[in-house]
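Overview (structure and organization)
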Amino acid sequence: MQGLDSAGEAIATDTASLPAPSRVDDPALDPAEAALSTPTLGQVLIAVEELWPASLAEDWDSVGPVVGRPQREVKRIMFAVDPTLEVVADAVARGTDLLITHHPLLLRPVNSVAATGFKGEAIHLLIESGCALVTAHTNADSAIGGVSDVLADIFGLTDTQPLAPSKDGLPEEGIGRVGMLPEPLQLHEFASRVFSAMPAVAGGVRVAGERAGIVRKVAVCGGAGDSLFDAVRASEADVYVTADLRHHPASEAREAALNGKPYLIDVSHFASEWLWLPTAADALKNVLHDLGHDVEIAVSAINTDPWDFILTP
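Throughout what follows, the structure given in this document is the object of discussion. Bear in mind that the values here come from a model prediction, so they are computed numbers and not experimental data.

1. Things to note about the pairing of strand β11 (residues 214-224)
Judged from the six bridges that link them, strand β9 (residues 174-186) and β11 form a sheet pairing that is antiparallel. Directly across from M180, in β11, lies its bridge partner K217. Note that β11 and strand β12 (residues 239-243) share four bridges and pair parallel. Bridging across to β12, V220 finds its partner in V241. The parallel pair β11 and β12 is bridged by helix α7 (residues 229-235), and the resulting crossover is right-handed.

Below, the structure written as structure tokens:
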């Protein structure tokens, strides 16, 4: 795989550059830990709902359990961005009882899950191996401590608030975040901060705006965020960090810019959401512990960004 360095040169990157699957549990148990029990899938789902309420999901989304029996015990959980066949096979090989992915496997209705296609094969492998699958998508985007909150924290933002507040949630919940940098940065300096935070992927980071332009107020949205341009402009953000910026929305946003702002920083969809996984794993571990349960939780190290290399001038 190839990525981009901060100067825009093509550089080789390794798909194994993501951290190895990491356990977030402490193997050294004290006497109090011995009293903790192994939860069922149904009990884990209670914790998942507490952290990422299904009511926060967008109307078009599909979140929650996909396969799995509520009464089955869950000793090992793995988090991943995408439920690709490779991710599923890796989770099964590691003895995972529950795979929690950000992206849905079955976002749209289907008439068959026959193992003649990759999605059907994934479902069969999950069921035959006794591994449940749960989706935490736009509910995890909107929730406190969700995808965009993690991005805002990593970029050093303070006084954050949602770009698009949730209809049914708390004031702090909603899609995207906007906040302030402690000190102003030039655009190229802030873009370098964003680049350094991202897992290595082929697409690197694209930037639109004056290199020396001053950035203080920052809007972020993990995943595809070009539907939020009106909210970004209303927030008077200096720069907008998101993924999957298409030509026409990005071009029109630049045409409509006031004094060149908001500048745009386009990152990998996968990379922007992978950053949430370790935080999500820790959060679930803590909630389950508070409920009296002990589980082993890992974060997938498989890079599911779809691009393999990039050519640059």
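Next comes the rest of the account.
2. Brief notes about the side chain of N139
Examined against the element boundaries, N139 turns out to sit in helix α4 (residues 138-142). We classify N139 as buried; its relative accessible area is 2%. A distance of 2.7 Å separates a polar side-chain atom of N139 from the backbone nitrogen of H137. For N139, the contacting residues outside a window of four places in its chain are W52, P53, A54, L56, A57 and V63.

3. A word on the packing of helix α2 (residues 85-93) against helix α3 (residues 118-129)
In contact at an axis separation of 9 Å, α2 and α3 are set at 10° when each is read in the N-to-C sense. Looking at the two axes, α2 sits roughly parallel to α3. Between α2, through L85, V88, A89 and V92, and α3, the contact on the second element is made entirely by F118, E121, A122, L125, L126 and S129. Each residue belonging to the contact of α2 with α3 can be placed in one class, and the counts come to eight nonpolar, one polar and one charged.

4. Remarks on the packing of aromatic side chains
Per the counting criterion, the structure on display carries five aromatic pairs. Centre to centre, the rings of F155 and F190 are 5.9 Å apart; their planes meet at 80°, and the pair counts as edge-to-face. Linking F155 in the loop between α5 (147-154) and β8 (158-165) with F190 in helix α6 (residues 187-197), this pair joins segments that are 35 residues apart in sequence. Judged on exposure class, the residue F155 and its partner F190 are both buried. For the ring pair F229 and Y240, a centre distance of 5.7 Å and an interplane angle of 70° mean the geometry is edge-to-face. Residue F229 is located in helix α7, and its partner Y240 is located in strand β12; the two are separated by 11 residues in the primary sequence. Residue classification places Y240 among the buried residues on the basis of a relative accessible area of 0%. Members of the aromatic cluster, connected to one another through ring pairs, are W52, F79 and W276.

5. Regarding the sheet that holds strand β13 (residues 263-267)
Across the sheet, which stays open at both edges, the six strands sit in the order β8-β9-β11-β12-β13-β10 with mixed pairing between neighbours. Two strands bound the open sheet, and with one partner strand each, they are β8 and β10 (206-208). Taking the axes of each pair of neighbouring strands and ignoring which way they run, one obtains an average angle of 25° across the sheet. Together, β8, β9 and β11 form the strand contacts of α5, whose direction differs from that of β11 by roughly 145°. The strands that α6 touches are β9, β10, β11, β12 and β13; relative to β9, the one it contacts most, it runs at about 125°.

The rules we used
Positions within a chain are numbered from 1, following the residues in the order the chain's sequence is written. In view of the model being predicted, local features appear only for residues whose pLDDT reaches at least 70, and side-chain atom pairs are presented and counted only at 80 or more, with totals across whole chains, interfaces and linings using the full set of residues. Hydrogens and water molecules were not included; the side-chain quantities draw on all heavy atoms of the structure. Criterion used throughout: strands pair if DSSP finds at least two bridges between them. Secondary structure elements are taken from DSSP: a helix is a run of H or I of four residues or more, a strand is a run of E of two residues or more, and numbering for both begins at the N terminus. Note on handedness: a crossover is taken as right-handed if, strands pointing away from the viewer, the path from the first strand over the helix to the second is clockwise. For the exposure calls, accessible area comes from a 1.4 Å probe over protein chains only, and a residue counts as buried if that area is under 20% of its type's maximum, exposed if over 50%, partly exposed in between. Residues adjacent in sequence count toward polar contacts only when both atoms are side-chain atoms; beyond that, a polar contact is any pair of N or O atoms within 3.5 Å, and within protein one must be able to donate a hydrogen and the other to accept it. Only heavy atoms enter the contact rule, under which two residues are in contact if any of them lie within 4.5 Å. Axis definition: a line fitted to C-alpha atoms, limited for helices to the stretch in contact. Angles are taken between N-to-C directions and run from 0 to 180 degrees. Roughly parallel means an angle under 35 degrees; roughly antiparallel means over 145; roughly perpendicular covers 65 to 115; every other angle is labelled oblique. All amino acids are sorted into three groups, where Ala, Val, Leu, Ile, Met, Phe, Trp, Tyr, Cys and Pro are nonpolar, Asp, Glu, Lys and Arg are charged, and the leftover types, Gly among them, are polar. Within 6.5 Å between ring centres, the rings of Phe, Tyr and Trp (the latter by its six-membered ring) count as paired, and their orientation is classed by plane angle as stacked under 30 degrees, edge-to-face over 60, tilted in between.

The analysis is restricted to geometry; functional conclusions fall outside its scope.
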